[in-house]
Amino acid sequence: MGTKTPKSPPSAPPLTKDAAEAQPSQNGNGRRLDTIPTTYDPQAVEQRIYQWWEENSYFKPRENPADPNRPAFTISMPPPNVTGALHMGHAITDTVEDILIRYHRMLGDPTLWVPGEDHAGIAMQAVVEKQLNKEGLDRHTLGREAFIERVWQWVAQYKHRIQDQQRRLGVSCDWSRERFTLDGGLSRAVREVFVRLYEEGLMYRGERIINWCPHDLSAISDLEVETEDTPGQLAYIRYPLEEPTTDRQYIMVATTRPETMLGDTAVAVNPNDDRYRELIGRSLILPIMNRRIPIIADEAVDASFGTGAVKVTPAHDPVDFEIGVRHNLERIQVVGFDARMTDEAGQFAGQDRYEARKNVLAELERQGALDHQEEYTIPLGHCERCKTVIEPLISMQWWVKTAPLATPALNAVRYGQTQIIPARFTKTYTDWMENIRDWNISRQLWWGHRIPAWYCADCGEITVAREDPTACAHCGSARIEQDPDVLDTWFSSALWPFSTLGWPDDTPDLRRFYPTSVLETGYDIIFFWVARMMMMGTHFTGVVPFQYVYLHGMVRDKLGRKESKSLGNGTDPVQVIDELGADALRFTLATSSTPGNDTKYDPQRVVGNRNFANKIWNASRFVIGQTEGIGGIPTLAALQPRSLADRWIVSRFIRLTGEVTRLLDEFQFGEAGRQVYDFFWSEYCDWYLEIAKSQLRDEAQRERTAHILRTLLDGALRLLHPFMPFVTEEVWQHLYADIPADARPASALIVASWPIAEAATTAKLRDAAAEDDFALLQEIITRIRDARKQAGVEAGRRIQVILAAGAKAPMLKKQSTLIEQLARTEPPTIERKLAAKPAQAMPLVAGSVEIYLPLAGLLDIAKEIARLDSEIAVAQQAIARSRVKLDNPNFVERAKAEVVQKERETLSAIEDTLARLETQRRELGG
RNA sequence: GGGUGGUUAGCUCAGUCGGCAGAGCGCGUCGUUCACACCGACGAGGUCACUGGUUCAAGUCCAGUACCACCCACCA
């Protein structure tokens, strides 16, 4: 296998303590097994191994001397919030990314995984404010600077918590390149981007209706609003005409927010609505306020909905705001930023918005203007963070003009420069991009990147600059003041793939590792993050920021609910790791779902995978113990499989390696993991290891068998390493403990080579015949075991067995000791054809092989007849099905030749089986 | 209103070129043997949600229905 050593010599491999101290015995009978614990203890291994990896700089990218121009493999880690603790969402993210990283590292790619954290604007500020409240303080008494200082203290304190948790999971990222969205370098990138967007006219300041969170006291973007259908009332209100006629005294409008009617400045109807056409241009008297408001015509009104007339409140509704712009309507703000009514609300001033709603309705009722109310489901916007009902308000904010940025980002995906996996999310992405709306990036907070815009008190102009200005760029006045707001936390996240590599400077890292290879994250942040990185990346670097976007699903609880603090249904990954080990958790997360699909977290599965880690441990313990003294771990190509079992297992491993490699390249982690699991447990352990026991006892086979055991263990550890890094590394170090350091293919499994290159050059070891023959042998053994059980043969008793094996007789004769051993029989009698059928024998059929178990005394003839009859029936059905196909000329003509051929073979095999069953049946009489 | 995903064994889920349905857990029975009881052996258990279509052949492709999730959307 490939040879690679780290630049600096690694420290001593971290063997399990007892084992490291144990001396290999001189007689070559193996390491004293009693010195290695019989149960794998992740707690004793994981943290020590992780530290060892880190000390030896294995997580840093390493150039491949043989291939200096080899493309790098890079992932930018989605930066978790510093406020947060690790949850299952992080755990699946970290696991999938670490699998990719470890796989590519083993492939020999220069591999970089950039970690970091997000400053998490609102979330972080809220945490610290809450803390201040406990101390009887608030941020305003502290002041801006002191408050920010305070937040930095928290950051320093909590940053390491999440990192330590990630270490527990085994993430092999390059901590020396760790970044924080608010650190110096990244802030410079943010500033650069802001200024350039402003200079390019892609950034503007403007008054719009924004989503205001009255709890967090900030604007939030559309994406941060969660709409939820809420039961409520729709109030129908009559607005009297200023000059009523006999047939029309009023126009009726409907609203779900009656308190906003105090700010109405018009009523709008569709220009083509015959019912109202004549009223357009006339005036209404707004009830309560007694304000004269016009009836206007606007296309935005749907004549077929409700009364066809809409009250227009430009200050409190986005649609109304647009109508107001078109018709030059006054904007009267009646609800304030604290969700209380303003002075404009007259008698309701100072009331909470919901209190005012009640009171307005009562007043309308009193005045006879309230026609009626009906039950109505209202799509209500809530702040995604604090769940407060959003109040649409007018505010002056900074906006990014997104359409020009979206086009290249859209095309990049359309034309495949960036590929989204699974592909169905491409539509989600493109639909959003095609209908993108401008992005409100200012937040009325203190914690974050302060907006680099200064307003001049003299000329009123705005100065936007890379360096803090001392004077207005327009008039030179020194009376300038910086915008108090900060940027949306996603603004800096949008720059993550390149800002972390040193942009805007042209750094070696940026050249070597950008664009990145895979962006891996949950599908829930396609818009928040992925789309925005695509826009910023393509715009500022001229290339797509990543080649692939791989999206994983959400981890849900057993009932399929999203994890949430209020439900208390979250599982702490660190606790699971403490209990069952990181490998078990990782393997579970990697194999519990398919790409892009949600997964229900089932603790039972983690237990099962903990058991798998233990299985690896014990099988390895056995192999190492049994083969020590034989020494050496040959390459795959140097193996000399001889016995059927040898040829079978080697062939299977080579095929497995190809499959697993293909699956990982296709991002099919679950299937890849399951395949190695099945190979290791069901084939390597359950069959080959058992057979190897006897081969090892045979001096003639001992060395060859030991080599196969060791080489395939090595290979399986390599294939498993990306999934279960800890147990595999620990075992691998044990496996190589008796090999001098300079004779090892690598100093550690984490930097050992992926076995694919070797598997590719060992085609000669692919052995389909061995796989077929071994399958037959397995079937024979299983049939005998089953029959013993059915007949109630004691477990320890050896029974006789006679096989009529036809063409397979010579092959099976060579395997007779395996049958003896694994099916617990006397040395079997194996003939091509039997001269006479054994009397008083239980008859069985495995493929084309007849099996007879002379079990005089234990035989229940009636039961055997019933069993044979049922097997005959099954065979006949199968034959009938097969004949229907083969008798169908369409099938024979149209199906692929190989399928037809296979069907013919199947038919003849079943017919063969049937014939044997029928013979056996006749012999039993009845 | 538009879109996406799911529906396969008691439970949780695989099934990637259409070619006779798989795993883990759970369940039942048995455990001679010097890796592992966090184990081994054997077994039971399925109308692949429903309807129609394409095809020689459908869990798999197409259309529709039902139910369950989720995403997007300025109908007052």
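Worth saying up front: this structure is predicted, and the values here are computed from it rather than measured.

S.K.: Mind showing me how you'd approach the sheet that holds strand β11 (residues 291–297) here?
M.R.: Strand pairing in a sheet relies on backbone hydrogen bonds. The paired strands run either parallel or antiparallel. Spatial ordering of the open sheet is given by β10-β11-β9-β12, a layout of 4 strands whose pairing is mixed. The open sheet has two free edges, formed respectively by β10 (283–286) and β12 (309–312), since each of these has just one partner strand. When the angles between neighbouring strand axes are averaged without regard to direction, this sheet yields 30 degrees. Sheet analysis places strand β9 (residues 266–269) next to β11, joined by 3 bridges and oriented parallel. Following the sheet pairing, V269 is matched in β11 by A297.

S.K.: How do you make sense of the packing of helix α17 (residues 582–591) against helix α18 (residues 603–627) when you look at a structure like this?
M.R.: As a packed pair, α17 and α18 sit with axes 8 Å apart at the nearest point and diverge in direction by 120 degrees. In this view, α17 runs oblique relative to α18, as classed from their interaxial angle. Crossing of α17 over α18 shows right-handed handedness. For the pair formed by α17 and α18, the contact residues are A584, L585, F587, T588 and T591 on the first element and R605, V606, N609, R610 and F612 on the second. Among the residues making up the contact of α17 with α18, the classes are represented as 5 nonpolar, 3 polar and 2 charged.

S.K.: Got a minute to help me understand helix α11 (residues 425–434) in this structure?
M.R.: Since one α-helical turn is 3.6 residues long, residues separated by three or four positions face the same way. Along α11, the residues classified as buried are F425, Y429, T430, W432 and M433. Buried positions in α11, seen along its axis, are confined to an arc of 160 degrees and lie on one side of it.

S.K.: Help me understand the pairing of β11, please; the structure alone is not making it clear to me.
M.R.: Note on strand geometry: in a regular strand, side chains alternate between the two faces of the sheet. As judged from the 4 bridges shared by β10 and β11, these two strands associate in the antiparallel manner. Of the residues in β11, the one forming a bridge with S283 is P294. With antiparallel pairing between neighbouring strands as the criterion, β10 and β11 make up a hairpin whose turn holds 4 residues, including I288 at a positive phi of roughly 65 degrees.

S.K.: Looking at this model, I keep getting lost on the pairing of strand β18 (residues 453–456). Mind explaining?
M.R.: Side-chain alternation along β18 places A453 and Y455 on one buried face and W454 and C456 on a second face that is also buried. Connecting the antiparallel pair β18 and strand β19 (residues 462–464) is a turn made up of 5 residues, with G460 showing a positive phi of about 80 degrees. Relative to strand β20 (residues 480–482), β18 runs antiparallel, the two being bridged by 3 bridges. When the sheet's bridge partners are listed, C456 is paired in β20 with I480.

S.K.: I keep staring at the pattern of salt bridges and nothing clicks. Help me out?
M.R.: Side chains that differ in sign of charge can pair as their charged atoms come close. Inspection of every chain in the model, using the stated rule, returns 63 salt bridges. R437 is paired through a salt bridge with D222; the nearest N and O atoms lie 3.7 Å apart. Here R437 is found in the loop between α11 and β16 (439–440), whereas its partner D222 is found in the loop between β6 (218–220) and β7 (225–240), with 215 residues between them in sequence. Across the pair D274 and R277 runs a salt bridge whose closest N-O atoms are separated by 3.4 Å. Linked by salt bridges that have partners in common, E192, R196, E199 and R466 make up one network.

S.K.: I tried to follow the state of the cysteines on my own but got confused; where do I start?
M.R.: In protein structure, a disulfide is the covalent linkage between the sulfur atoms of two cysteines. Counted by the stated rule, this structure contains 0 disulfides. Not engaged in a disulfide, the cysteine C475 finds its nearest cysteine sulfur in C456; these two sulfurs lie 3.5 Å apart. Residue classification places C475 among the partly exposed residues on the basis of a relative accessible area of 41%.

S.K.: Help me understand the environment of A356 in this model?
M.R.: Looking at the secondary structure, you find A356 in helix α9 (residues 353–367). For A356, a relative accessible area of 0% puts it in the buried group. Residues A356 and G537 lie 181 residues apart in sequence; the distance between their C-alpha atoms is 47 Å. Those residues in contact with A356 that lie beyond four places of it in its chain are E259, M341 and Q351.

S.K.: Which parts of the structure should I look at to understand the sheet that holds strand β15 (residues 419–421)?
M.R.: Spatially, 3 strands are ordered β15-β23-β22 in an open sheet, and the strand pairing comes out parallel. Of all the strands in the sheet, the pair left with one neighbour each is β15 and β22 (516–522). Averaged over all neighbouring strand pairs, the angle between strand axes comes to 20 degrees, with direction disregarded.

S.K.: Sorry if this is basic, but what is going on with the packing of helix α10 (residues 403–414) against α11 here?
M.R.: Each pair of packed helices gets described by two things: the angle between the helix axes and the distance between those axes. For the pair α10 and α11, interaxial distance at closest approach is 10 Å and the crossing angle is 160 degrees. The orientation of α10 with respect to α11, classified from their angle, is roughly antiparallel. Where α10 crosses over α11, the two elements pack in a sense that is left-handed. Residue-level inspection shows A406, A409, L410, V413 and R414 of α10 in contact with α11, the latter providing T426, Y429, T430, M433 and E434. When its residues are assigned to classes, the contact of α10 with α11 shows 6 nonpolar, 2 polar and 2 charged.

S.K.: I tried to follow unusual backbone geometry on my own but got confused; where do I start?
M.R.: What you tend to see is this: most non-glycine residues have negative phi, and most peptide bonds are trans. Cis rather than trans, the peptide bond between I421 and P422 has omega equal to -5 degrees. Although it is not a glycine, I288 adopts a positive phi angle of roughly 65 degrees. Structurally, the position occupied by I288 is in the loop between β10 and β11. Taking the relative accessible area as the measure of exposure, I288 reaches 10% and is therefore buried. Even without a glycine there, the phi angle at R824 is positive, about 60 degrees. Inspection of the secondary structure assignment puts R824 in the loop between α26 (816–823) and β27 (829–831).

The rules behind the values
Residues numbered from 1 in each chain as written. Chains lettered and ligands numbered in written order. Predicted model: local features only at pLDDT ≥ 70, side-chain atom pairs only at ≥ 80, totals over all residues. Heavy atoms only, no water. Pairing = 2+ DSSP bridges. Helix = DSSP H or I, 4+ residues; strand = E, 2+ residues; numbered from the N terminus. Axes fitted to C-alpha atoms, helices over the stretch in contact; angles between N-to-C directions. Parallel < 35°, antiparallel > 145°, perpendicular 65-115°, else oblique. Left-handed = near helix turned anticlockwise from the far one by under 90°. Contact = heavy atoms within 4.5 Å. Nonpolar A, V, L, I, M, F, W, Y, C, P; charged D, E, K, R; others polar. Buried < 20%, exposed > 50% of the residue type's maximum accessible area, 1.4 Å probe, protein only. Arc of directions from axis to C-beta. Salt bridge = Lys/Arg side-chain N within 4 Å of Asp/Glu carboxyl O. Disulfide = S-S within 2.5 Å.

The quantities given are spatial measurements derived from coordinates; they are silent on function.
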